[in-house]
Amino acid sequence: MKHIQTTIKDKGIKPTYQRLKILEYLIETKKHPTVEMIYNNMKRVIPTISKTTIYNTMNSFVEKGILNALSVTGTELRYDANISPHHHFLCKKCGKLYDIQTKATDFYDKKVIDGNKIDEVHVYFKGICKKCLDKGNYKN
């Protein structure tokens, strides 16, 4: 918890109990949760927490570079505490979002491509995950 508190303070954000618990949850989970998922988890720990607090916290964390916001589906934002360069895979069958590691990271080091200044890089893969394939959940 001390590391989480330091991370938040170093970014100029007051480390409230709610913010600490939210970031702790995001670091521990690998599910790339939505605000709704975070809220449902946090209300078990902090019954008085509001969705507004979650939204405001997520916005602050993304703005300060503590989290990445992912818009893979185009209909929802998911959050990722892993801010190192990596890619994501979305299963079109079960909806789970996974971190994947590939060797296709050459462009992460580029600051300019064809005269365009690069601020962010997002690479998403979509398909059917191994678990759904193993369950036979996919028909051509």
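Residues numbered from 1 in each chain as written. Predicted model: local features only at pLDDT ≥ 70, side-chain atom pairs only at ≥ 80, totals over all residues. Heavy atoms only, no water.

**Q** What is the right way to read the pairing of strand β3 (residues 87–91) from this model?
**A** It is a general feature of regular strands that their side chains alternate between the two faces of the sheet. In terms of residue burial, β3 counts as a mostly covered element, since 5 of its 5 residues are buried. Residues H87, F89 and C91 of β3 are buried on one face, and the alternating residues H88 and L90, pointing to the opposite face, are buried as well. With 4 bridges connecting them, β3 and strand β4 (residues 97–100) associate as antiparallel partners. Each residue of the ladder has a partner; that of H87, found in β4, is I100. Pairing between β3 and strand β7 (residues 124–127): 4 bridges, direction parallel. Along β7, the bridge assignment pairs F89 with F125. (Buried < 20%, exposed > 50% of the residue type's maximum accessible area, 1.4 Å probe, protein only. Helix = DSSP H or I, 4+ residues; strand = E, 2+ residues; numbered from the N terminus. Pairing = 2+ DSSP bridges.)

**Q** In this structure, what is going on with the nonpolar core? I would like to understand it.
**A** One recurring pattern in soluble globular proteins: nonpolar side chains tend to sit buried together. Counting residues in each nonpolar core, the largest one holds 20 residues, and the members touching the most others are I22, L26, I38, I54, M58, F61 and L67. Where this core is concerned, the elements lending two or more residues are α1 (2–10), α2 (17–28), α3 (35–45) and α4 (51–63). Beyond its immediate stretch of four places on either side in the chain, L26 contacts P33, I38, M58, L67, Y79 and A81. Grouped together as the second largest cluster of nonpolar side chains are 5 residues, F89, I128, C129 and C132 included. (Core = buried A, V, L, I, M, F, W, Y, C linked by side-chain atoms within 4.5 Å. Contact = heavy atoms within 4.5 Å.)

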